[in-house]
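Below are the chains, spelled out letter by letter.
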Amino acid sequence: MSEHVSTGTDTMIRLDQVTKQYHGQDRPAVSPLTLEIKNGEFVVFVGPSGCGKTTTLRMINRLVEPTSGEIWINGQNVTHADVNELRRGIGYVIQQIGLLPHLTIADNIGLVPKLLGTPKGERHSRAADLLELVGLDPKVYAGRYPRQLSGGQQQRVGVARALAADPPIMLMDEPFGAVDPIAREKLQVEFLKLQEKIRKTIVFVTHDIDEALRLGDRIAIFDVGSRLAQFDTPLNVLTNPADDFVRDFVGAGASVRRLSLLTIGDVLAGPVGDDDHSIPLHDAVQVTLTSTVHQALELVLAARADGVCVVPDLAAEGSPTELAGSTKFIALQDLLMTASNTPGGRQ
Ligand code: ADP
Ligand code: MG
(Lines give C-alpha, C1' and ligand atoms only; values in the text may rest on other atoms or scores of the structure.)
(Ligands and ions follow the chains in the order given, each with its own letter.)
Protein backbone atom coordinates (compact mmCIF):
# COMPACT_ATOMS: atom_id res chain seq x y z
CA MET A 1 0.00 0.00 0.00
CA SER A 2 1.19 3.48 -0.76
CA GLU A 3 0.10 6.87 0.46
CA HIS A 4 1.39 8.39 -2.71
CA VAL A 5 -1.28 9.80 -4.97
CA SER A 6 -0.33 10.13 -8.59
CA THR A 7 -2.33 12.08 -11.10
CA GLY A 8 -2.47 9.45 -13.80
CA THR A 9 -4.94 10.21 -16.57
CA ASP A 10 -6.55 6.81 -16.22
CA THR A 11 -7.67 7.61 -12.67
CA MET A 12 -11.45 7.71 -12.29
CA ILE A 13 -11.91 8.13 -8.53
CA ARG A 14 -9.43 9.63 -6.12
CA LEU A 15 -9.96 9.98 -2.40
CA ASP A 16 -7.40 12.32 -0.91
CA GLN A 17 -7.00 12.33 2.88
CA VAL A 18 -10.75 11.88 3.28
CA THR A 19 -12.19 11.62 6.78
CA LYS A 20 -15.65 11.27 8.32
CA GLN A 21 -16.51 12.08 11.89
CA TYR A 22 -20.19 11.51 12.68
CA HIS A 23 -21.76 13.69 15.35
CA GLY A 24 -21.85 12.07 18.77
CA GLN A 25 -19.30 9.38 17.90
CA ASP A 26 -16.04 9.16 19.85
CA ARG A 27 -13.98 7.98 16.94
CA PRO A 28 -14.00 8.88 13.28
CA ALA A 29 -15.78 6.37 11.05
CA VAL A 30 -13.17 7.07 8.42
CA SER A 31 -9.71 8.29 9.35
CA PRO A 32 -7.52 9.92 6.71
CA LEU A 33 -7.96 7.71 3.69
CA THR A 34 -6.19 8.09 0.39
CA LEU A 35 -6.79 5.79 -2.54
CA GLU A 36 -7.12 5.82 -6.27
CA ILE A 37 -9.35 3.78 -8.55
CA LYS A 38 -8.64 3.45 -12.25
CA ASN A 39 -11.05 3.91 -15.12
CA GLY A 40 -12.83 0.61 -15.81
CA GLU A 41 -11.47 -1.01 -12.67
CA PHE A 42 -13.56 -3.26 -10.43
CA VAL A 43 -12.52 -2.47 -6.87
CA VAL A 44 -13.97 -4.25 -3.84
CA PHE A 45 -13.96 -2.74 -0.35
CA VAL A 46 -13.92 -5.54 2.17
CA GLY A 47 -13.57 -5.61 5.94
CA PRO A 48 -15.37 -6.34 9.18
CA SER A 49 -18.69 -4.74 10.05
CA GLY A 50 -18.35 -1.13 11.20
CA CYS A 51 -14.96 -0.52 9.60
CA GLY A 52 -16.33 2.32 7.47
CA LYS A 53 -16.94 0.67 4.08
CA THR A 54 -20.43 2.10 3.57
CA THR A 55 -19.40 5.53 4.81
CA THR A 56 -16.45 5.60 2.41
CA LEU A 57 -18.58 4.43 -0.51
CA ARG A 58 -21.27 7.01 0.21
CA MET A 59 -18.72 9.80 0.35
CA ILE A 60 -17.92 9.10 -3.32
CA ASN A 61 -21.41 10.25 -4.37
CA ARG A 62 -21.68 12.49 -1.31
CA LEU A 63 -24.67 10.78 0.22
CA VAL A 64 -22.34 11.27 3.19
CA GLU A 65 -20.42 14.54 3.23
CA PRO A 66 -16.76 14.15 4.18
CA THR A 67 -15.57 15.98 7.29
CA SER A 68 -12.28 16.78 5.59
CA GLY A 69 -10.27 15.80 2.55
CA GLU A 70 -11.05 15.86 -1.15
CA ILE A 71 -12.88 13.69 -3.63
CA TRP A 72 -11.85 13.75 -7.25
CA ILE A 73 -13.75 12.16 -10.09
CA ASN A 74 -12.39 11.98 -13.60
CA GLY A 75 -9.87 14.72 -12.89
CA GLN A 76 -12.35 17.07 -11.23
CA ASN A 77 -12.51 18.05 -7.61
CA VAL A 78 -16.14 17.23 -6.74
CA THR A 79 -15.85 17.74 -2.98
CA HIS A 80 -18.11 20.78 -3.23
CA ALA A 81 -19.66 20.22 -6.66
CA ASP A 82 -23.40 20.12 -7.29
CA VAL A 83 -24.58 16.77 -5.90
CA ASN A 84 -27.33 16.22 -8.47
CA GLU A 85 -24.91 16.57 -11.30
CA LEU A 86 -22.39 14.38 -9.49
CA ARG A 87 -24.92 11.60 -8.87
CA ARG A 88 -26.07 11.57 -12.49
CA GLY A 89 -22.72 10.05 -13.38
CA ILE A 90 -22.84 7.48 -10.60
CA GLY A 91 -25.13 4.46 -10.41
CA TYR A 92 -25.88 3.23 -6.90
CA VAL A 93 -27.02 -0.26 -5.95
CA ILE A 94 -27.86 -1.31 -2.41
CA GLN A 95 -28.96 -4.51 -0.73
CA GLN A 96 -32.45 -3.18 0.00
CA ILE A 97 -32.85 -2.48 -3.74
CA GLY A 98 -35.59 0.07 -3.13
CA LEU A 99 -37.83 -0.74 -6.10
CA LEU A 100 -41.09 1.17 -5.96
CA PRO A 101 -43.85 -1.41 -5.43
CA HIS A 102 -46.56 0.39 -7.40
CA LEU A 103 -44.42 0.83 -10.52
CA THR A 104 -43.77 -1.86 -13.11
CA ILE A 105 -40.24 -3.16 -13.56
CA ALA A 106 -39.84 -1.10 -16.75
CA ASP A 107 -41.01 2.06 -14.98
CA ASN A 108 -38.70 1.38 -12.04
CA ILE A 109 -35.76 1.10 -14.43
CA GLY A 110 -36.88 4.25 -16.27
CA LEU A 111 -37.18 6.36 -13.14
CA VAL A 112 -33.94 8.30 -13.47
CA PRO A 113 -34.22 8.74 -17.27
CA LYS A 114 -37.74 10.10 -16.61
CA LEU A 115 -36.35 12.65 -14.18
CA LEU A 116 -33.80 13.56 -16.84
CA GLY A 117 -36.60 14.15 -19.35
CA THR A 118 -36.12 11.10 -21.58
CA PRO A 119 -39.32 10.46 -23.60
CA LYS A 120 -41.45 7.45 -22.66
CA GLY A 121 -40.85 5.35 -25.77
CA GLU A 122 -37.11 5.72 -25.45
CA ARG A 123 -37.28 4.88 -21.73
CA HIS A 124 -39.16 1.69 -22.40
CA SER A 125 -36.87 0.46 -25.16
CA ARG A 126 -33.87 1.26 -22.95
CA ALA A 127 -35.48 -0.64 -20.06
CA ALA A 128 -35.99 -3.64 -22.36
CA ASP A 129 -32.33 -3.54 -23.42
CA LEU A 130 -31.21 -3.33 -19.81
CA LEU A 131 -33.44 -6.22 -18.74
CA GLU A 132 -31.93 -8.28 -21.53
CA LEU A 133 -28.46 -7.24 -20.37
CA VAL A 134 -29.06 -8.46 -16.80
CA GLY A 135 -30.56 -11.73 -18.01
CA LEU A 136 -34.28 -11.09 -17.62
CA ASP A 137 -36.57 -11.52 -20.63
CA PRO A 138 -38.20 -8.11 -21.13
CA LYS A 139 -41.30 -9.68 -22.67
CA VAL A 140 -41.87 -11.53 -19.41
CA TYR A 141 -40.65 -9.05 -16.82
CA ALA A 142 -41.06 -5.48 -18.12
CA GLY A 143 -44.73 -5.30 -17.17
CA ARG A 144 -44.48 -7.12 -13.86
CA TYR A 145 -44.41 -5.55 -10.41
CA PRO A 146 -41.51 -5.96 -7.99
CA ARG A 147 -43.41 -8.33 -5.66
CA GLN A 148 -43.79 -10.78 -8.57
CA LEU A 149 -40.01 -11.27 -8.76
CA SER A 150 -37.65 -13.33 -6.61
CA GLY A 151 -35.00 -11.63 -4.50
CA GLY A 152 -32.29 -12.44 -7.02
CA GLN A 153 -34.39 -11.12 -9.92
CA GLN A 154 -35.16 -7.92 -8.02
CA GLN A 155 -31.46 -7.47 -7.40
CA ARG A 156 -30.82 -7.72 -11.16
CA VAL A 157 -33.47 -5.06 -11.72
CA GLY A 158 -31.62 -2.93 -9.17
CA VAL A 159 -28.47 -3.28 -11.29
CA ALA A 160 -30.42 -2.49 -14.48
CA ARG A 161 -31.89 0.61 -12.86
CA ALA A 162 -28.46 1.82 -11.76
CA LEU A 163 -27.27 1.40 -15.35
CA ALA A 164 -30.22 3.27 -16.84
CA ALA A 165 -28.51 6.64 -17.17
CA ASP A 166 -25.35 4.88 -18.40
CA PRO A 167 -23.14 6.25 -15.64
CA PRO A 168 -19.40 5.64 -15.92
CA ILE A 169 -19.28 4.72 -12.22
CA MET A 170 -21.25 2.17 -10.23
CA LEU A 171 -21.26 2.09 -6.44
CA MET A 172 -22.59 -1.15 -4.98
CA ASP A 173 -23.13 -1.71 -1.27
CA GLU A 174 -23.48 -5.41 -0.44
CA PRO A 175 -25.84 -5.76 -3.41
CA PHE A 176 -26.06 -9.53 -3.19
CA GLY A 177 -26.10 -9.70 0.60
CA ALA A 178 -29.78 -10.56 0.96
CA VAL A 179 -30.02 -13.42 -1.53
CA ASP A 180 -29.38 -17.06 -0.71
CA PRO A 181 -25.86 -18.46 -1.32
CA ILE A 182 -26.71 -20.26 -4.57
CA ALA A 183 -28.50 -17.32 -6.15
CA ARG A 184 -25.69 -15.14 -4.88
CA GLU A 185 -23.00 -17.16 -6.59
CA LYS A 186 -25.01 -17.05 -9.79
CA LEU A 187 -25.38 -13.28 -9.52
CA GLN A 188 -21.64 -12.91 -8.96
CA VAL A 189 -20.79 -14.95 -12.05
CA GLU A 190 -23.36 -13.10 -14.16
CA PHE A 191 -22.21 -9.76 -12.88
CA LEU A 192 -18.61 -10.49 -13.88
CA LYS A 193 -19.79 -11.35 -17.39
CA LEU A 194 -21.83 -8.17 -17.46
CA GLN A 195 -18.81 -6.10 -16.41
CA GLU A 196 -16.83 -7.56 -19.31
CA LYS A 197 -19.42 -5.98 -21.59
CA ILE A 198 -20.02 -2.66 -19.85
CA ARG A 199 -16.56 -1.95 -18.39
CA LYS A 200 -17.76 0.50 -15.75
CA THR A 201 -15.64 1.73 -12.91
CA ILE A 202 -17.11 -0.24 -10.03
CA VAL A 203 -16.71 0.15 -6.30
CA PHE A 204 -18.31 -2.81 -4.57
CA VAL A 205 -18.67 -3.25 -0.81
CA THR A 206 -18.85 -6.63 0.89
CA HIS A 207 -17.85 -8.21 4.19
CA ASP A 208 -17.36 -11.54 2.41
CA ILE A 209 -13.73 -12.18 1.51
CA ASP A 210 -14.62 -14.93 -0.98
CA GLU A 211 -16.90 -12.56 -2.84
CA ALA A 212 -14.14 -9.94 -2.82
CA LEU A 213 -11.51 -12.36 -4.14
CA ARG A 214 -13.83 -13.57 -6.84
CA LEU A 215 -14.99 -10.20 -8.12
CA GLY A 216 -12.29 -7.63 -7.63
CA ASP A 217 -9.55 -6.55 -10.00
CA ARG A 218 -8.13 -5.12 -6.79
CA ILE A 219 -9.45 -5.39 -3.27
CA ALA A 220 -9.11 -2.84 -0.51
CA ILE A 221 -9.02 -4.55 2.87
CA PHE A 222 -10.12 -2.24 5.67
CA ASP A 223 -9.55 -2.58 9.37
CA VAL A 224 -11.54 -0.66 12.00
CA GLY A 225 -11.63 3.10 11.43
CA SER A 226 -11.12 2.49 7.71
CA ARG A 227 -7.42 1.82 8.13
CA LEU A 228 -6.48 0.61 4.67
CA ALA A 229 -4.57 -2.52 5.51
CA GLN A 230 -3.92 -3.56 1.92
CA PHE A 231 -5.03 -2.48 -1.54
CA ASP A 232 -3.90 -5.02 -4.06
CA THR A 233 -4.85 -7.75 -6.49
CA PRO A 234 -6.54 -10.86 -5.06
CA LEU A 235 -3.46 -12.94 -5.77
CA ASN A 236 -1.14 -10.55 -3.97
CA VAL A 237 -3.51 -10.34 -1.02
CA LEU A 238 -3.51 -14.12 -0.80
CA THR A 239 0.14 -14.71 -1.38
CA ASN A 240 1.57 -11.59 0.17
CA PRO A 241 -0.68 -10.37 3.00
CA ALA A 242 0.48 -6.95 4.20
CA ASP A 243 0.08 -7.71 7.91
CA ASP A 244 -1.45 -10.03 10.50
CA PHE A 245 -4.84 -8.38 10.18
CA VAL A 246 -4.99 -9.19 6.46
CA ARG A 247 -3.64 -12.68 7.06
CA ASP A 248 -6.32 -13.38 9.64
CA PHE A 249 -9.06 -11.76 7.60
CA VAL A 250 -8.19 -13.72 4.49
CA GLY A 251 -8.13 -16.72 6.76
CA ALA A 252 -5.90 -18.77 4.57
CA GLY A 253 -2.63 -17.98 6.30
CA ALA A 254 -1.55 -18.47 2.78
CA SER A 255 2.12 -17.77 2.46
CA VAL A 256 3.64 -18.07 -0.98
CA ARG A 257 5.85 -20.84 0.31
CA ARG A 258 2.98 -22.97 1.55
CA LEU A 259 0.90 -22.49 -1.59
CA SER A 260 3.89 -23.22 -3.75
CA LEU A 261 4.75 -26.37 -1.82
CA LEU A 262 1.27 -27.80 -1.88
CA THR A 263 0.23 -29.57 -5.09
CA ILE A 264 -3.21 -30.31 -6.45
CA GLY A 265 -2.44 -33.96 -5.78
CA ASP A 266 -2.08 -33.09 -2.06
CA VAL A 267 -5.40 -31.29 -2.15
CA LEU A 268 -7.19 -34.25 -3.72
CA ALA A 269 -5.64 -36.57 -1.13
CA GLY A 270 -7.25 -34.44 1.59
CA PRO A 271 -10.86 -34.16 2.66
CA VAL A 272 -11.92 -31.85 -0.15
CA GLY A 273 -12.41 -32.72 -3.77
CA ASP A 274 -14.76 -35.58 -2.91
CA ASP A 275 -18.33 -36.21 -3.95
CA ASP A 276 -20.26 -32.98 -4.24
CA HIS A 277 -17.52 -31.05 -5.97
CA SER A 278 -16.82 -33.60 -8.70
CA ILE A 279 -18.92 -31.72 -11.24
CA PRO A 280 -17.86 -28.31 -12.51
CA LEU A 281 -20.54 -25.81 -11.60
CA HIS A 282 -19.50 -22.96 -13.79
CA ASP A 283 -16.19 -22.07 -15.30
CA ALA A 284 -13.05 -23.89 -14.39
CA VAL A 285 -9.46 -23.74 -15.54
CA GLN A 286 -7.42 -26.87 -16.11
CA VAL A 287 -4.60 -27.99 -13.87
CA THR A 288 -2.81 -31.27 -13.31
CA LEU A 289 -2.02 -33.25 -10.17
CA THR A 290 1.48 -31.81 -10.11
CA SER A 291 0.39 -28.18 -10.40
CA THR A 292 0.96 -26.23 -7.22
CA VAL A 293 -1.91 -24.60 -5.39
CA HIS A 294 -0.20 -21.29 -6.07
CA GLN A 295 -0.29 -21.91 -9.82
CA ALA A 296 -3.90 -23.05 -9.58
CA LEU A 297 -4.96 -19.94 -7.67
CA GLU A 298 -3.16 -17.72 -10.13
CA LEU A 299 -5.02 -19.33 -13.02
CA VAL A 300 -8.40 -19.27 -11.28
CA LEU A 301 -8.13 -15.64 -10.29
CA ALA A 302 -6.80 -14.53 -13.67
CA ALA A 303 -9.61 -16.33 -15.49
CA ARG A 304 -12.15 -15.38 -12.81
CA ALA A 305 -13.13 -19.01 -12.77
CA ASP A 306 -14.95 -20.81 -9.98
CA GLY A 307 -12.35 -23.45 -9.53
CA VAL A 308 -10.03 -25.88 -11.25
CA CYS A 309 -10.58 -29.04 -13.25
CA VAL A 310 -7.87 -31.57 -12.61
CA VAL A 311 -6.93 -33.19 -15.91
CA PRO A 312 -4.38 -35.91 -16.68
CA ASP A 313 -0.82 -34.71 -17.00
CA LEU A 314 0.46 -36.42 -20.13
CA ALA A 315 4.04 -35.70 -19.20
CA ALA A 316 3.77 -37.35 -15.80
CA GLU A 317 3.68 -41.08 -15.26
CA GLY A 318 0.80 -42.67 -13.46
CA SER A 319 -1.69 -39.84 -13.44
CA PRO A 320 -3.47 -40.52 -16.75
CA THR A 321 -4.73 -43.90 -15.56
CA GLU A 322 -5.60 -42.63 -12.09
CA LEU A 323 -7.80 -39.95 -13.54
CA ALA A 324 -9.03 -41.80 -16.58
CA GLY A 325 -12.64 -41.10 -17.36
CA SER A 326 -13.17 -38.63 -14.56
CA THR A 327 -12.33 -34.99 -14.24
CA LYS A 328 -12.15 -33.69 -10.72
CA PHE A 329 -13.38 -30.23 -9.89
CA ILE A 330 -12.00 -28.24 -6.97
CA ALA A 331 -13.82 -25.05 -6.06
CA LEU A 332 -11.90 -21.86 -5.29
CA GLN A 333 -13.11 -21.94 -1.68
CA ASP A 334 -11.76 -25.45 -1.28
CA LEU A 335 -8.38 -24.42 -2.63
CA LEU A 336 -8.27 -21.62 -0.10
CA MET A 337 -9.48 -23.84 2.70
CA THR A 338 -6.86 -26.46 1.97
CA ALA A 339 -4.20 -23.80 2.06
CA SER A 340 -5.29 -22.81 5.56
CA ASN A 341 -5.90 -26.32 6.87
CA THR A 342 -2.73 -28.00 5.79
CA PRO A 343 -0.72 -29.19 8.79
CA GLY A 344 2.46 -27.28 9.50
CA GLY A 345 0.94 -24.01 10.61
CA ARG A 346 1.86 -20.59 9.35
CA GLN A 347 5.16 -20.15 7.63
P1 ADP B 1 -19.47 -0.71 7.45
O2 ADP B 1 -20.22 -0.38 6.22
O3 ADP B 1 -18.05 -1.09 7.19
O4 ADP B 1 -20.16 -1.76 8.29
P5 ADP B 1 -20.16 1.99 8.31
O6 ADP B 1 -19.53 2.91 7.35
O7 ADP B 1 -21.62 1.74 8.14
O8 ADP B 1 -19.36 0.61 8.36
O9 ADP B 1 -19.94 2.53 9.78
C10 ADP B 1 -18.67 2.95 10.27
C11 ADP B 1 -18.83 3.48 11.68
O12 ADP B 1 -19.60 4.68 11.63
C13 ADP B 1 -19.55 2.56 12.63
O14 ADP B 1 -18.99 2.68 13.90
C15 ADP B 1 -20.97 3.08 12.61
O16 ADP B 1 -21.61 2.81 13.82
C17 ADP B 1 -20.76 4.57 12.42
N18 ADP B 1 -21.87 5.21 11.69
C19 ADP B 1 -22.31 4.85 10.45
N20 ADP B 1 -23.33 5.66 10.05
C21 ADP B 1 -23.53 6.52 11.07
C22 ADP B 1 -24.43 7.63 11.27
N23 ADP B 1 -25.32 7.98 10.33
N24 ADP B 1 -24.35 8.30 12.45
C25 ADP B 1 -23.44 7.97 13.38
N26 ADP B 1 -22.58 6.95 13.26
C27 ADP B 1 -22.60 6.24 12.12
MG1 MG C 1 -21.98 -1.24 5.41
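Data block above holds the structure.
Note that this is a predicted model, so its numbers are computed, not measured. (Residues numbered from 1 in each chain as written. Chains lettered and ligands numbered in written order. Predicted model: local features only at pLDDT ≥ 70, side-chain atom pairs only at ≥ 80, totals over all residues.)

(A) Region of the structure containing the site of ligand 1. As a structural note, the neighbourhood of ligand 1 is formed by Tyr22, Gln25, Ala29, Gly47, Ser49, Gly50, Cys51, Gly52, Lys53, Thr54 and Thr55. Partitioning the shell around ligand 1 into residue classes produces three nonpolar, seven polar and one charged. (Near = placed C-beta within 6 Å. Nonpolar A, V, L, I, M, F, W, Y, C, P; charged D, E, K, R; others polar.)

(B) Focus on the sheet that holds strand β10 (residues 227-232). Ordered in space as β6-β7-β8-β3-β9-β10, the six strands form an open sheet in which the pairing is mixed. Each of the sheet's edge strands pairs with one partner strand only, and the pair in question is β6 (90-94) and β10. Looking at each pair of strands side by side, their axes are set apart by 15° on average, direction ignored. Of the strand pairs in this sheet, β6 and strand β7 (residues 169-173) are connected by five bridges, and their pairing is parallel. Opposite Tyr92, over in β7, you have Leu171 as the bridge partner. Its contacts with the sheet put helix α1 (residues 53-60) on β3 (42-46), β7, β8 (201-206) and β9 (218-223), and the angle it makes with β8 is roughly 155°. (Pairing = 2+ DSSP bridges. Helix = DSSP H or I, 4+ residues; strand = E, 2+ residues; numbered from the N terminus. Axes fitted to C-alpha atoms, helices over the stretch in contact; angles between N-to-C directions. Contact = placed C-beta atoms within 7 Å.)

(C) Quick peek at the nonpolar core. Within the largest apolar cluster, 84 residues are counted, with the highest numbers of intra-cluster contacts made by Ala160, Leu171, Val203 and Ala220. Sequence-distant contacts of Val203, that is, excluding residues within four places in its chain, are made with Ile37, Val43, Phe45, Leu57, Ile60 and Leu171. (Core = buried A, V, L, I, M, F, W, Y, C linked by C-beta atoms within 7 Å. Buried ≥ 20, exposed ≤ 12 C-beta atoms within 10 Å, placed from the backbone.)

(D) Spatial organisation of the pairing of β9. Alignment of β3 against β9, held across four bridges, turns out to be parallel. By the bridge assignment, Val43 is partnered in β9 with Arg218. Here β9 hands over to β10 after three residues, with Gly225 in that stretch at a positive phi of 75°.

(E) Region of the structure containing unusual backbone geometry. If you check the backbone angles, Arg62 has positive phi at about 55° while not being a glycine. If you check the backbone angles, Asp166 has positive phi at about 50° while not being a glycine. Among the structural elements, Asp166 can be located in the loop between α7 (151-163) and β7.

(F) Main features of the pairing of strand β12 (residues 307-310). Summarising the sheet, strand β11 (residues 284-287) and β12 pair through four bridges and their orientation is parallel. Across the sheet, the residue bridging to Ala284 is Gly307, located in β12. Relative to strand β13 (residues 328-331), β12 runs antiparallel, the two being bridged by four bridges. Counted as the bridge partner of Cys309 is Phe329 from β13.

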